[in-house]
2 protein chains.
Amino acid sequence: MAEQIRTVRVPIVERVLEANDDIAAVTRAELARRGIFSIDLIGAPGSGKTALLEATLQQLAERSAPRRRPAVLVGDLATRRDGDRLARWCERVVQISTGEGCHLEAGQVRDALAGVELEGVDLLFIENVGNLICPVGFDLGQNVKVGLFSLTEGDDKAAKHPYLVTAADLILLNKVDLAPYLKFDRAGFEADVRLLNPTVPILEVSATTGAGMDAWFEWIDRGVAGLLE
Amino acid sequence: MAEQIRTVRVPIVERVLEANDDIAAVTRAELARRGIFSIDLIGAPGSGKTALLEATLQQLAERSAPRRRPAVLVGDLATRRDGDRLARWCERVVQISTGEGCHLEAGQVRDALAGVELEGVDLLFIENVGNLICPVGFDLGQNVKVGLFSLTEGDDKAAKHPYLVTAADLILLNKVDLAPYLKFDRAGFEADVRLLNPTVPILEVSATTGAGMDAWFEWIDRGVAGLLE
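Treat the numbers as computed from the prediction; the structure is a model and nothing was measured.

Conventions we followed
- Residues numbered from 1 in each chain as written.
- Chains lettered and ligands numbered in written order.
- Predicted model: local features only at pLDDT ≥ 70, side-chain atom pairs only at ≥ 80, totals over all residues.
- Heavy atoms only, no water.
- Pairing = 2+ DSSP bridges.
- Helix = DSSP H or I, 4+ residues; strand = E, 2+ residues; numbered from the N terminus.
- Axes fitted to C-alpha atoms, helices over the stretch in contact; angles between N-to-C directions.
- Contact = heavy atoms within 4.5 Å.
- Phe/Tyr/Trp six-rings, centres within 6.5 Å; stacked < 30°, edge-to-face > 60°.
- Buried < 20%, exposed > 50% of the residue type's maximum accessible area, 1.4 Å probe, protein only.
- Buried area = accessible area lost by both parts, 1.4 Å probe.
- Salt bridge = Lys/Arg side-chain N within 4 Å of Asp/Glu carboxyl O.
- Nonpolar A, V, L, I, M, F, W, Y, C, P; charged D, E, K, R; others polar.
- Least-squares fit on C-alpha atoms with pLDDT ≥ 70 in both.

As a further point, take the sheet that holds strand S1 (residues 37-43) of chain B. All names here are of chain B. The strand order S3-S2-S4-S1-S5-S6-S7 describes an open sheet built from seven strands, whose pairing is parallel. Strand pairing shows two members of the sheet lacking a second neighbour, strand S3 (93-97) and strand S7 (202-204), which therefore form its edges. Neighbour-to-neighbour, the strand axes of this sheet turn through a mean angle of 20°, independent of strand direction. Sheet topology places S1 next to strand S4 (residues 123-127); five bridges connect them, and they run parallel. Following the sheet pairing, Phe37 is matched in S4 by Leu123. Its contacts with the sheet put helix H8 (residues 213-224) on S1, S4, strand S5 (144-150), strand S6 (170-174) and S7, and the angle it makes with S1 is roughly 135°.

Okay, the side chain of Asn128(B) next. Mapped onto the fold, Asn128(B) is located in the loop between S4 and S5. Those residues in contact with Asn128(B) that lie beyond four places of it in its chain are Asp40(B), Leu41(B), Ile42(B), Lys49(B), Gly75(B), His103(B), Leu104(B), Pro135(B) and Leu140(B).

On to the packing of aromatic side chains. Inspection of the entire model under this criterion finds 11 aromatic pairs over all chains. For the ring pair Phe149(A) and Phe189(A), a centre distance of 5.7 Å and an interplane angle of 70° mean the geometry is edge-to-face. Here the residue Phe149(A) occupies a position in strand S5 (residues 144-150), and Phe189(A) occupies one in helix H7 (residues 186-196), the gap between them amounting to 40 residues. Comparing Phe149(A) with Phe189(A) shows no difference in burial state: the two are buried. Between Phe125(B) and Trp216(B) the ring centres are 6.5 Å apart and the planes differ by 40°, which places this aromatic pair in the tilted class. Of this pair, Phe125(B) sits in strand S4 while Trp216(B) sits in helix H8, and the two are 91 residues apart along the sequence. The burial state of Phe125(B) is the same as that of Trp216(B); both residues are buried.

Turning to the interface of chain B and chain A, a few remarks are in order. Contact with chain B, which involves 43 residues of that partner, is made by 44 residues of chain A. Both sides of the chain B and chain A interface together cover about 3,800 Å² of buried area, and 66% of this is carbon and sulfur. Summed over the three residues of chain B that lose the most area to chain A, namely Pro45(B), Ile133(B) and Lys160(B), the buried surface amounts to 16% of that side. Linking chain B to chain A there are eight salt bridges. One salt bridge in this structure joins Asp192(B) and Arg81(A), with 3.0 Å as the shortest N-O distance. Breaking the side of chain B that touches chain A down by element, the ones donating at least two residues are helix H1 (2-34), helix H3 (81-87), helix H5 (157-160) and helix H6 (162-167) of chain B. The leading source of residues in the side of chain B that touches chain A is H1(B), at nine residues. Classifying every residue of the side of chain B that touches chain A by side-chain character gives 20 nonpolar, eight polar and 15 charged.

All names here are of chain A. Within strand S4 (residues 123-127), five of the five residues are buried, which leaves it mostly tucked inside the rest of the structure. With five bridges connecting them, strand S2 (residues 70-76) and S4 associate as parallel partners. Within S4, the position partnered with Val74 by the bridge is Glu127.

When chain B is fitted to chain A, the best match, at an RMSD of 0.0 Å, comes from turning it 180° and sliding it 0.0 Å along the axis. A rotation of that kind, with that shift, is consistent with a two-fold axis. When the interface residues of chain B are mapped onto chain A, 100% of them are again interface residues, pointing to one common binding face.

Residue and element names in this part refer to chain A. Read from one edge of the open sheet, seven strands run S3-S2-S4-S1-S5-S6-S7, paired in parallel fashion. Because the sheet does not close on itself, it has two edges, and the strands there are strand S3 (93-97) and strand S7 (202-204). The average angle at which neighbouring strand axes cross in this sheet is 20°, direction not considered.

Encoded structure:
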């Protein structure tokens, strides 16, 4: 019975993904036309996606050059808490409520972007739903995927989430300020990443203390300049 | 286009869930017949599910009374690391590799149980895939669902994951040993839980230091004695 249903389900999922990818391709072309570099930020619940974006938006707003004009879409099942946190630092923030949805889809991103004034925007952050699995398979029209892990999750998470690691254009390792209080095998984590993705950069950051953020900004600036692809 | 596909997809998902629930009902009856109390443990990646079970199995093995005879199923996309960790403390451990699957399904649990010697077993832990969303909707045949949150994930996670909180028979708040190094609004977290689930017990634990584990064992023993339902 289960086998029979599985063969029914696959083609439907493929059709959904196909429709998703069609929408994502339109979004990607539109963002390229406008010169917007876009980042799909994927991480576990509590990995610090919103805290990282808060610190990022704040520093982008305060620094003098190069000037960035960011927009943010943020997905959650429920509440607009993340959107409210981010709106303190950026005028162009849209909260996407997914209900029971475990990931963002291209149609949600397209619809959310329709409500944002994109004139002059050069950088788009898409904070995905907190989940290391389901968001990986859905193209949103982004330029790059960033996989955010945190020290508090343990050093085995790269090996246990190979699809994200393989798909990631950058791995961020957050909460390095908590290293003194945790057991985390940094070399083991990196070895697991390298088996799956030999060339992906790994940057250590702390959204709380600001440690390592310079390298993250440098990477973003290279992305906006079209130097990452 | 997207709307059209959505109306196609729903009935298929419903059929899959229906088949899942049929299998789960058989599993539940079989576990009841054998007098096995079963726990579906759901938490984010890195919330400490495996560490909690390691500490639990070790203490169950070491205490004299009441004696428990546990079995464990553990789901992950990839690697058998969790299974290996748990097998140090329990002879009856099965690792379920879900591939790209973001949650366990009843058929996987049924198949895994077929490989376990259940004679004399009175307690079954099912460690679900690290994910706060997708596992909630799939009945595995368990008696209870335990929602595991950790202090390092932030105090907003109950509000942002209402389906798990609503479905949970117990909320565990792990990693309380890290409280001195984190901002975590304990009262706010509990207020969010109470809005969704007014009566669910909330127990604070640290799998690392053993803090709060006595109340967890007391809850388990009440479950095995049939006093929780």
